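Survey of secondary and tertiary structure
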Amino acid sequence: MKSTFKTIEHSCDLCIIGGGLSGTIAALSAARHGLKVVLIQDRPVLGGNCSSEIRMWVRGASGYWNRETGILAEFEEENIYRNPTLAPTLWDSVLFGKVKENKNITLLLNTSCLDAECSDNIITSVTAWQLTTYSWHKVTAKYFADCSGDSVLAPLSGAKYRIGREGNAEFNETIGPEIADSKTMGMSILLQARETDHPVKFIPPEWANVYETDDDIDIKANNVKYSETRDHKIGTSGGNLWWIELGGDTEAISNTEETRDELLKLALGIWDHIKNREDHGYDNWELEWVGFLPGKRESVRYIGEYILTQNDIDNEGKFDDVIAYGGWPMDDHNPKGFKANAIDDKASVCYPSPSPYGIPYRCLYSKNIKNLFFAGRNISATHAAMSSTRVMGTCSLLGQAMGTAASICSKNNLKPEDLKAEYITILQNTLMDDGIFIPFTTRKISNLTKKAKINLSDNEKDVLFNGIERPRFENDEGNKIVLNKGDSIEFSYDEETFVDTLRIQFDLDYERLSVSPNKKMRVFAQKLHYGLDFVPMKVANTIVKDFEVYADGELIYKNDNNYYSLVKINIKKDIKNIKVKFNNTWGAKKINIFACDFI
Ligand SMILES: Cc1cc2nc3c(=O)[nH]c(=O)nc-3n(C[C@H](O)[C@H](O)[C@H](O)COP(=O)(O)OP(=O)(O)OC[C@H]3O[C@@H](n4cnc5c(N)ncnc54)[C@H](O)[C@@H]3O)c2cc1C
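As the structure is a prediction and not an experimental result, all values here were calculated from the model.

Rules of the game
Within each chain, residue numbers correspond to sequence positions counted from 1 in written order. Totals for whole chains, interfaces and linings use all residues, but because this is a predicted model, local features are given only for residues with pLDDT of at least 70 and pairs of side-chain atoms are given and counted only at 80 or more. Excluding hydrogens and water, the side-chain values take into account all heavy atoms of the structure. Aromatic contacts are taken between Phe, Tyr and Trp rings whose centres are within 6.5 Å, Trp giving its six-membered ring; a plane angle under 30 degrees counts as stacked, one over 60 as edge-to-face, and the others as tilted. For helices the rule is a DSSP run of H or I covering at least 4 residues; for strands it is a run of E covering at least 2, with both sets numbered from the N terminus onward. When a residue's accessible area, from a 1.4 Å probe over protein chains only, is under 20% of the maximum for its type it is buried; when over 50% it is exposed; and in between it is partly exposed. When the NZ atom of lysine or the CZ atom of arginine is within 6 Å of a ring's centre and also within 35 degrees of its normal, the charge is said to sit over that ring. In what follows, salt bridge is the name for a side-chain nitrogen of Lys or Arg lying within 4 Å of a carboxyl oxygen of Asp or Glu. Throughout this document, a residue counts as near a molecule or strand when at least one of its heavy atoms sits within 4 Å of that molecule or strand. Throughout this description, a polar contact denotes any pair of N or O atoms lying within 3.5 Å of each other; where both atoms belong to protein, one of them has to be capable of donating a hydrogen while the other can accept it, and for residues adjacent in sequence the pair is counted only when both atoms sit in side chains. Only the protein chains shown count as cover for residues, with accessible areas throughout obtained via the Shrake-Rupley method and a probe of 1.4 Å. In the scheme used here, Gly and all other residues not listed as nonpolar or charged are polar, with Ala, Val, Leu, Ile, Met, Phe, Trp, Tyr, Cys and Pro taken as nonpolar and Asp, Glu, Lys and Arg as charged. The pairing criterion is simple: DSSP has to find at least two bridges between the two strands.

**Let's talk about the packing of aromatic side chains**
Evaluation of the coordinates by the stated rule reveals 24 aromatic pairs. Arranged with centres 4.6 Å apart and planes meeting at 50 degrees, the rings of phenylalanine 491 and phenylalanine 598 form a pair that is tilted. One end of the pair, phenylalanine 491, is in strand 21 (residues 488-506); the other, phenylalanine 598, is in strand 25 (residues 591-598), and 107 residues separate them in sequence. Comparing phenylalanine 491 with phenylalanine 598 shows no difference in burial state: the two are buried. The aromatic ring of tryptophan 586 is capped on one face by lysine 545, whose charged end is 4.3 Å from the ring centroid.

Structure, rendered in structure tokens:
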């Protein structure tokens, strides 16, 4: 492209387009496994739909014992520790800091990928425009990953893709339309409100829509006045007005600006209704933020080696190459969004899905472009399956799996499609070592660990080394051992033995009763509406705060302010004895350990 402005050239192993949770986590996982990564993000902040620009809550598989872990948990734990009042821009700073501290990642913010060069179905480079520096960035890479949500590399590379809703017959699904169409789930902008101790007026702009009565907002069904769907109760633990949604019945990308204008009229009209029309009891609430960037639910999905369907989800996704899981219901929004207003034409219908269900690796790379990965809401799935896989907890797992897969491909000089059989086992084990739960399989415990003499009972060792590092059902206490403060776990060998890394999985209090009394924040540490009842977050009281590691009697590591649930400590020594002493927690009386071993 001929231009007056300079072009900066980059060369890397993996170039990722899109810094939502999937792209950010993919970048970190690949970089932590040694790849040089360029991450291109067209916004000033990372996080995509969960960033301070959009403020959507991270949600994932139902059942607290299915909470998504890995890098997502690390982000959240950092956020709770550093940002207990959950300021949205500080959440951005958590993601920014994690990426910036990794020297293998070049982060290009405010940079839009606009072009790609390809040869023989391989992407050789992409070009992006950086708004703040008036410069072009050309990135040459071995592998590319599209985490843009909108799949910008599909039109640029010729990668096969799908848009819209499949007709039910195509994949023998039941929740889609009879006849395929190009409609999608719509976009939304959110509002953030705060409770004060005094009345606050709201004067709407002239151009805001007017909704005089509750009946103007919601359907009346069987004389039950208001459906739950358009509930407009605001509160710390209340809903987020996700139903302020439009644009699914128009072309998903090119109409974004017009849709944003309509969403603003709608959102401010709803706030005017809440404050000024009928009596909703929100006199003391003020609107402190309105999103100007619509959050997108759905646009273009790639076609990979496998297309995940509703039936796969219904059947729990028992694939050999499971590398992530979902468990959010198939939450199929009506393309009409807010315009859907009849009892047989609802804004959204949720179809239950098993939780967890497995998602195969084959959904994460292109069927026809040989070095193209993807992760996030654009993976290879039907519209019906995507209505579940799209939530950000699931997208985070997909990002971590994809970034790790790219690192294994790069080390073994494989194309994404060649990562099969024993490489899938390596991918699964690496992910599990990095704190990811993978359904239908358990983490392998190293022989090095197993051959040590350990100062625990046989029963305790069975629990500690069962490869399951979380509860598996409500009130499951089975997979952790419980010690007293000051107790140690000691590994001994008869001869000097090389130990690389000590790995400990603490208890992150899956149910999170110790983290927040506010219901929404127990699911994930982000808030939207901020009532006077909001209580700052606390580090899970079960995480071990203070612990020490001794090698052959010598103190080699001490942390008296740990707030991460998964820790890995470099040993890299020949030793005969390692002792891990657990001194204190963030409040719990006992020390809970899900795993403690060598990798
Ligand atoms: C209103 C709304 C409500 C939702 N509710 C929930 C919920 O409650 N919980 C939940 O978990 N999920 C929810 N979702 C779904 C979820 O937010 C998305 O599916 C998820 O964000 C997808 O993650 P992603 O990383 O694939 O994409 P995104 O979060 O969309 O991130 C993609 C990033 O790529 C950037 N990008 C795009 N094009 C380019 C380009 N050409 N160059 C560089 N960068 C580019 C974008 O700016 C964006 O920051 C909701 C979505 C919406 C819109």
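Further notes follow.
**Considering the pattern of salt bridges**
Evaluation of the coordinates by the stated rule reveals 43 salt bridges. Residue arginine 512 pairs with glutamate 76 through a salt bridge whose shortest N-O separation is 2.9 Å. Linking arginine 512 in the loop between strand 21 and helix 14 (519-523) with glutamate 76 in helix 2 (residues 71-82), this pair joins segments that are 436 residues apart in sequence. As far as the burial class goes, arginine 512 and glutamate 76 line up, both buried. The partner of lysine 572 in a salt bridge is aspartate 500, with the nearest N and O atoms 2.9 Å apart.

**Some details on the site of the ligand**
Ser22, Asp42, Trp57, Arg390 and Met392 are the nearest of the 32 residues found near the ligand. One of the side-chain N or O atoms of asparagine 49 is found 2.9 Å from an oxygen atom in the ligand. Note that an oxygen atom of the ligand is positioned 2.9 Å from one of the backbone N or O atoms of arginine 377. Protein contact buries 92% of the 990 Å² of open area that the ligand shows by itself. Among the elements of the structure, helix 1 (21-32), strand 4 (111-119), strand 12 (295-296) and helix 10 (392-412) are those that each provide at least two residues to the shell around the ligand. In terms of residue count, the dominant contributor to the shell around the ligand is strand 4 (three residues). Of the residues assigned to the shell around the ligand, the class counts are twelve nonpolar, 13 polar and seven charged.

**Points about the sheet that holds strand 10 (residues 245-246)**
The strands that make up a sheet pair up through hydrogen bonds in the backbone, lying either parallel or antiparallel. Taken in spatial order, the three strands of this open sheet run 10-8-12, and their pairing is antiparallel. Each end of this open sheet is capped by a strand with a single partner; those strands are strand 10 and strand 12. The sheet contact formed by strand 8 (residues 187-188) and strand 10 spans two bridges and is antiparallel. Paired with serine 188 across the strands is glutamate 245, a residue of strand 10.

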